[in-house]
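# What the coordinates show
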Amino acid sequence: MANIGFIGVGNMGGPMARNLLKAGHKVKAFDLMPELVQNVVGAGGTKAGSAQEAAQDVDVVISMLPAGKHVLSVYTGDKGILAVAKPGTLFIDSSTIDVKSAREAIAAAEAKGMLMVDAPVSGGVAGAENAALTFMVGGSDAAFAKARPVLEAMGKKIVHAGGAGNGQVAKICNNMVLGISMIAVSEAFVMAEKLGLSAQAMFDIVSSSSGSCWALVNHCPVPGPVPTSAANRDYKPGFAAELMLKDLKLSQEAARSAGAQTPLGAEATALFSEYVQGGNGPSDYSGIIRMIRSMN
Ligand code: NAD
């Protein structure tokens with residue numbers, strides 16, 4: 001069992017840290033919001049007074065932070081955790097961040113003789129609570145081999161996506177597909193409505209035909225056909241539209257940096273921006289069907 005420092009114990013990091021404790025690891029937690037650290041202490045963890053303290057004298061450091069700038073500021077510089085961790089410490093950053101910052105953080109860790117992976121997740125808060133996350137991991141074979149048993153305490157599927165930053169690449173490619181397909185599915189439901197095809201008939205036929213996709217079958221944007229979808233609870237998330245927009249923006253930043261043309265990704269980003277600007281950021285991303293309906 002490992003001694004683990006955990007930095008960023010919010011909606012995702014909190015339950016992830018608690019699952020590490022359940023699996024028998026020792027967890028020392030830090031967050032800018034002390035009350036969140038208390039939730040981990042209540043589950044058997046200990047409190048660190050700073051990110052640097054969380055990273056001292058531990059085998060593994062896990063971070064779960066909002067964006068690339070937070071990750072770089074926590075990891076690098078004089079006040080960063082790389083400056084104080086013992087040599088050989090394994091770092092796992094599970095935040096969803098831009099590919100460039102992920103690669104920069106890993107290069108900085110490796111320059112200090114540490115092992116580090118980027119390991120963003122899918123599965124949302126429910127996946128974090130049930131230790132059922134999917135981890136998409138980028139980094140060296142040695143770092144992946146060391147990270148795997150730790151990640152297994154928090155997830156069900158652990159995939160090695162290749163070198164540094166490739167976990168983030170996999171995550172944003174996946175979520176770009178998800179954002180585009182939710183819009184396609186929403187357009188089809190609205191068009192079907194206007195042409196007199198019931199939502200249930202449309203679902204039954206398309207879900208077993210060539211137009212079927214994950215967004216339709218799991219997050220069906222109309223109430224009825226998929227009882228667990230957010231549409232049945234007035235689009236309470238689920239997967240918040242603002243997080244979908246964050247990931248789409250990251251996909252477009254990565255596309256620009258690679259010179260990749262992603263016209264549907266760009267359009268999906270524009271449509272989700274409009275949806276979020278309309279005050280719908282906290283609601284489920286499948287609620288975008290309401291905006292598409294209102295365009296009609
Ligand atoms: P959150 O805002 O609930 O948690 C982030 C935590 O980081 C906060 O508690 C904040 O206080 C803390 N923090 C920020 N800067 C810090 C610093 N310098 N030092 C210490 N703590 C700091 O967000 P979340 O929903 O837990 O998401 C975390 C990451 O996981 C994001 O990158 C998000 O995109 C990704 N993600 C979220 C979900 C989801 O459904 N919530 C799903 C997949 C991936």
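Per chain, residues are indexed from 1 in the order of the written sequence. Given that this is a predicted model, residues contribute local features only at a pLDDT of at least 70 and side-chain atom pairs are listed and counted only at 80 or more, while totals for whole chains, interfaces and linings are drawn from all residues. The side-chain numbers reported here are obtained from all heavy atoms of the structure, hydrogens and water having been left aside.

### Details of the pairing of strand β8 (residues 133-138)
As a reminder, the rule being used: The buried label applies to any residue whose accessible area, calculated with a 1.4 Å probe on protein chains only, is under 20% of its type's maximum; exposed applies above 50%, and partly exposed to all values in between. Put simply, DSSP marks the helices as runs of H or I at least four residues long and the strands as runs of E at least two long, and each gets a number from the N terminus on. At least two bridges found by DSSP between two strands is the condition for calling them paired. Handedness is read with the strands pointing away from the viewer; a crossover is right-handed when the path from the first strand over the helix to the second is clockwise.
Burial analysis of β8 places five of its six residues in the buried class, which makes it a mostly covered element. Pairing geometry for strand β7 (residues 121-122) and β8, over two bridges, is antiparallel. Bridge assignment links valine 121 to a residue of β8, and that residue is phenylalanine 135. The handedness of the β8 to strand β9 (residues 155-162) crossover, carried by helix α7 (residues 141-151), is right-handed.

### Remarks on unusual backbone geometry
Of the consecutive residues proline 237 and glycine 238, the connecting peptide bond is found in the cis state with omega at 10°. Mapped onto the secondary structure, glycine 238 falls in the loop between α10 (214-219) and α11 (241-258). Positive phi outside glycine occurs at aspartate 234, with the angle close to 55°. For aspartate 234, the location among the structural elements is in the loop between α10 and α11. Non-glycine residue tyrosine 235 carries a positive phi angle of around 60°.

### Structural notes on the pattern of salt bridges
Worth spelling out the cut-off: Any Lys or Arg side-chain nitrogen located within 4 Å of an Asp or Glu carboxyl oxygen qualifies as a salt bridge.
Tallied over the entire structure, the rule returns four salt bridges. Across the pair arginine 293 and glutamate 193 runs a salt bridge, and its minimum N-O distance is 3.0 Å. Taken together, the residues arginine 293 in helix α13 (residues 288-295) and glutamate 193 in helix α8 (residues 166-194) connect sequence positions 100 residues apart.

### Remarks on the packing of α8 against α11
The condition that has to hold: Axis angles are defined between N-to-C directions and span 0 to 180 degrees, where every axis is a line fitted to C-alpha atoms and, for a helix, only to the segment in contact. Should an angle lie under 35 degrees it is considered roughly parallel, over 145 roughly antiparallel, and from 65 to 115 roughly perpendicular; all remaining angles are considered oblique. Each crossing gets its hand from how the near helix is turned against the far one by less than a right angle, where anticlockwise is left-handed and clockwise is right-handed. Only heavy atoms matter for contacts: two residues are in contact if any of them lie within 4.5 Å across the pair.
Viewed as axis vectors pointing N to C, α8 and α11 meet at an angle of 120°, and their least axial separation amounts to 9 Å. The pairing of α8 with α11 is recorded here as oblique in orientation. Viewed along their axes, α8 and α11 form a crossing whose handedness is left-handed. Contacts between α8 and α11 involve Lys171, Ile172, Asn175, Met176, Leu178 and Gly179 from the first element and Met244, Asp247, Leu248, Leu250, Ser251, Gln252 and Ala254 from the second.

### Topic: the packing of helix α4 (residues 68-75) against helix α5 (residues 99-111)
What counts, and what does not: When residue character is reported, Ala, Val, Leu, Ile, Met, Phe, Trp, Tyr, Cys and Pro are called nonpolar, Asp, Glu, Lys and Arg charged, and the others, Gly included, polar.
Relative to each other, α4 and α5 sit at 10°, their axes nearing to 9 Å. Judged by the angle between their axes, α4 and α5 are roughly parallel. Here α4 contributes Gly68, Val71 and Leu72 to the contact with α5, which in turn contributes Ser101, Glu104 and Ala105. For the contact of α4 with α5, the residue count by class is three nonpolar, two polar and one charged.

### Looking at the site of the ligand
To be explicit about the condition: Near residues are defined by distance, with any heavy atom within 4 Å of the molecule or strand qualifying the residue. N or O atoms closer than or at 3.5 Å make up a polar contact, with two conditions inside protein: a donor-capable atom paired with an acceptor-capable one, and, for residues adjacent in sequence, both atoms drawn from side chains. Reported accessibility uses the Shrake-Rupley method at a 1.4 Å probe radius. Residues are deemed covered only where the shown protein chains occlude them.
The full set close to the ligand counts 23 residues, and Asn11, Met12, Asp31, Leu65 and Lys246 are the nearest of them. Within the backbone of leucine 65, one N or O atom sits 2.9 Å away from an oxygen atom of the ligand. Between threonine 96 and the ligand, the recorded distance is 3.0 Å, taken from a backbone N or O atom to an oxygen atom. Its free accessible area being 830 Å², the ligand has 85% of it covered by the protein chains.

### A short note on the domain arrangement of the protein chain
Going by this rule: For the domain bounds, the source is a domain assignment made automatically or taken from a database. Two parts placed together each lose some accessible area under a 1.4 Å probe, and adding up what both lose gives the buried area.
In terms of domain boundaries, the protein chain breaks down into domain 1 (3-163) and domain 2 (169-295). For domain 1 versus domain 2, the separation of C-alpha centres amounts to 30 Å. Counting residues at the interface gives 11 residues for domain 1, matched by nine residues for domain 2. Here domain 1 meets domain 2 over a buried area of about 730 Å², counting both sides, of which 69% is carbon and sulfur. Area buried by domain 1 at its contact with domain 2 is led by Thr96, Val99 and Met136, which between them contribute 53% of it. Where domain 1 packs against domain 2, one counts zero salt bridges. If you look at where domain 1 meets domain 2, you find three residue pairs in polar contact (both at pLDDT 80 or more).

### A word on helix α1 (residues 13-22)
In terms of burial, α1 is a largely internal element, eight of the 10 residues being buried. Note on α1: the residue one or two positions beyond its end, glycine 24, has a positive phi of about 100°.

### Quick word on the environment of lysine 69
Inspection of the secondary structure puts lysine 69 in helix α4. Residue classification places lysine 69 among the exposed positions, given a relative accessible area of 64%. The spatial distance from the C-alpha of lysine 69 to the C-alpha of glycine 124 is 22 Å, given a sequence separation of 55 residues.

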